[in-house]
Amino acid sequence: MTYDIVIRNGQIIDGTGSSRFSADIGIKDGKISAIGKLDGDAKETIDATGHIVSPGFIDGHTHMDAQVSWDPLGTCSVWHGITTVVMGNCGFTLAPCSKEDKLLVMRNLERAEDIAPEAMEAGIDWTWTTFPEYLESLDRLPKGINYSGYIGHSALRTYAMGERAFSEAANAEEMDTMKNELADSIRAGAMGFSTSRTRNHQTPDGDPVASRIASWDEVKELVGVMGDLGAGIFEIAGEDTPRDPAAQREYHERLRDLAVDTGVPVTWGMFSSRRAPDLWPPYFDLLNETAEAGGKMFAQVHSRALNSLMSFETTMPFDKFPVWEELRAKPLSEQAELLRDPDMRAKLIESANAGNPNARRAVGVEASRKPAYNWLVVMDSIEGPHHSVQELADERGCDPVEVLIDEALKHDFKVFFRQPIANEDQSHVLEMMKHPRSVVTFSDSGAHVSQIMDSSLQTHVLSHWVREKGALELEDAVYMLTQQPAEAWGFSDRGVLKEGMVADIIVFDADRVTPTMPEVKHDLPANAIRLVQKAEGISITIVNGEVLMRDGEHTGVYPGKLLRGPLAQAAS
């Protein structure tokens, strides 16, 4: 037999959690044709000696809905072994929405997901109104990796209600419009329906995004549409409950009953917090309780702290403070001169310590208030050690703000100040990762592009939890990043290396794989800014049977596909 590709001499970790084994893999017509000692010819042979061969990683929580329009390769995810992503989380999608009403959708995304409206305006060719039409447009785009996505509640509301979506309840006619569009979207291939009920999702004016105005009854009716169809997943960016066990329990019961009554799988993200360390365990009890009641529910968890990355090249906490605001409006070269001036330094330090009573409340990962300096670390390398700003200030006998200024100048502004927003306790992180009803995902790729860089969470699992800490076996880590998310989101033809499965495969050096340092780039449409991060140690990425990446460089092909939900697959 002549194969398109044969991968020889590698150690195969098949994604199931089973022990690695030595074998070759033959690929033909986009699928794994044979595994074993292969003697057939191949158009291309990949020597994987000394490397691991595994399924491509699957990321179930991204916001690449806008980015895919201008970035066919799928950065930064593709650099970290990701071959499939799920978009449209937290109720944020570009459809349904006509071109004439796109500013309504952009209003939902701009602050909540930190996506510059200028980039969206310049980079998106708006050719749709309905969500099925959006899927057709997405299907036609060149893609390096595979994409799938939910239909988002905020877009659905603005489609049905216009401006009223941001302030009022839906009437019966508007509910019918939403339910019909949702049903059509699930039939056309939407993976499900997503919403947000968290105060962290606001418009640029500080108002709630459209989905937050909806009542729980509206949410139930919409999820019920998927229940009637017998298809789709419900993803929710959690509801804010008071730190009251009774209020939290009432919310948990609503989630449990929704999953049980509709038969629709429910998923949400969870982090721990140093400010409320007892908040997360009841959510994981809820997973088991829901399963025992006959429902399906799974948590999305991270592999490290959720960090805000600040720098003088992007944003600093004091950018809107008096004195700072004028400074930060200048080019970096001029800022450098002023930061060296003792009188200016004194004014900046005084302003930073005084605070800004007129600053708007920070939401999510925004940096707009005085940081806790004992938690703020100087990140000038991946490996560390990373010292807190307070530690350095104590050693130097100076104000913490002066440390920020000195470190920025020392590195010509090429340094980050990393502040954990959640998941400070890494023992909690590991416990959540190991829970049988959780999935390691939640990169938020495509969103918060100047604030966080979590597209590397998968390579962090391999470098930190497997190689550095020895807390996970490599086979278990690969299972967490491949078969487990594939099963959670219903990708039945990928996520495992076996004959007949789609050939989404990566080849990596387990002794070298690691994220590299983040960088600041102006590579979005309209020269908008974002953080980017690459990886080392991944030699080959194969998507749908074609070599997409070789040693971190794009080969020039775009083999990615739109992955549609089960009703669309059955109809095709």
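For clarity, every value in this text was computed on a predicted model and none was experimentally measured.

Parameters and conventions
Residues numbered from 1 in each chain as written. Predicted model: local features only at pLDDT ≥ 70, side-chain atom pairs only at ≥ 80, totals over all residues. Heavy atoms only, no water. Pairing = 2+ DSSP bridges. Helix = DSSP H or I, 4+ residues; strand = E, 2+ residues; numbered from the N terminus. Contact = heavy atoms within 4.5 Å. Axes fitted to C-alpha atoms, helices over the stretch in contact; angles between N-to-C directions. Right-handed = clockwise from strand over helix to strand, strands pointing away. Phe/Tyr/Trp six-rings, centres within 6.5 Å; stacked < 30°, edge-to-face > 60°. Buried < 20%, exposed > 50% of the residue type's maximum accessible area, 1.4 Å probe, protein only.

**Quick word on the sheet that holds strand S12 (residues 266–269)**
In spatial order, the strands read S9-S10-S11-S12-S13-S17; together these 6 strands make up an open sheet with parallel pairing. Of all strands in the sheet, those with a lone pairing partner are strand S9 (151–152) and strand S17 (438–440), marking the two edges. Bridging between S9 and strand S10 (residues 192–196) involves 2 bridges; their strand directions are parallel. Residue pairing for S10: Ile151 is matched across the bridge by Phe193. Where helix H6 (residues 216–229) meets the sheet, it contacts S10 and strand S11 (233–237), and its direction lies at approximately 155° from that of S11.

**Describing the pairing of S12**
When S11 meets S12, the two strands line up parallel, connected through 3 bridges. By the bridge assignment for S12, Phe234 is matched with Val266. With helix H7 (residues 245–262) bridging S11 and the parallel S12, this β-α-β connection has right-handed handedness. Pairing analysis gives 4 bridges linking S12 to strand S13 (residues 297–301), with the strands arranged parallel. Across the sheet, residue Thr267 finds its bridge partner in S13, namely Phe298. For the segment spanning S12, helix H8 (residues 281–292) and S13, crossover handedness is right-handed.

**Examining the side chain of Ser272**
Looking at the element boundaries, Ser272 is found in the loop between S12 and H8. Not counting residues within four places of it along the chain, the set of residues in contact with Ser272 comprises Trp280, Ala422, Asn423, Glu424, Asp425, His428 and Met432.

**Topic: the packing of aromatic side chains**
Inspection of the entire model under this criterion finds 14 aromatic pairs. Between the aromatic rings of Trp268 and Phe284, the centroid separation amounts to 6.4 Å while the plane-to-plane angle is 90°, which identifies the pairing as edge-to-face. Pair noted here: Trp268 is in strand S12 and Phe284 is in helix H8, with a separation of 16 residues, a long-range link. On the basis of an interplanar angle of 80° and a centroid distance of 5.2 Å, the ring pair of Phe271 and Phe442 is categorised as edge-to-face. Placement of Phe271 in the loop between S12 and H8 and of Phe442 in the loop between S17 and helix H15 (457–468) is noted, with a sequence separation of 171 residues between them. Here the two residues Phe271 and Phe442 agree in accessibility, since each one is buried.

Function-wise, these values are silent; they only describe arrangement.
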